[in-house]
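Chain by chain, the residues:
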Amino acid sequence: MQIANQMHLAEPTVKSYIASVMSKWNVRTRVQVVLHALGRNDTFITRSHVSDTRSRVDARVN
């Protein structure tokens, strides 16, 4: 999985994070996750922030 490789995480970890986000945001697809995230005022998706994303994902999901 590309996300796991870029963030130096195990694939099951990424799948777990994605499933958690999908559950908390009540969405069914990854496309809906992205659209929901882009609709949030505090969300930004850039390559320069990939290395810092892990902690932000944990903070937003919880």
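Up top is the structure these notes are about.
In this report, the structure presented in the accompanying data block is examined. None of the values given here were measured: they were computed from a predicted structure. For every chain, the first residue of the written sequence is number 1, and numbering continues from 1 along that sequence. Predicted model: local features are reported for residues with pLDDT of at least 70 only, side-chain atom pairs are reported and counted for 80 or more only, and whole-chain, interface and lining totals are derived from all residues. Hydrogens and water are ignored here; the side-chain numbers use all heavy atoms of the structure.

1. Notes on the pattern of salt bridges
Our working rule: The salt bridge criterion pairs a side-chain nitrogen of Lys or Arg with a carboxyl oxygen of Asp or Glu, the two atoms within 4 Å. A run of DSSP states H or I qualifies as a helix once it reaches four residues; a run of E qualifies as a strand once it reaches two. Both are numbered from the N-terminal end. In this scheme, a residue with accessible area under 20% of its type's maximum is buried, one over 50% is exposed, and one in between is partly exposed, where area comes from a 1.4 Å probe on protein chains only.
Inspection of every chain in the model, using the stated rule, returns one salt bridge. For K15, the salt bridge identified is with E11, shortest N-O distance 3.2 Å. Placement of the pair is K15 and E11 together in helix 2 (residues 11-24), with a separation of four residues, close to one helical turn. On the basis of relative accessible area, K15 is assigned to the partly exposed category, the value being 43%. What makes E11 partly exposed here is its relative accessible area of 34%.

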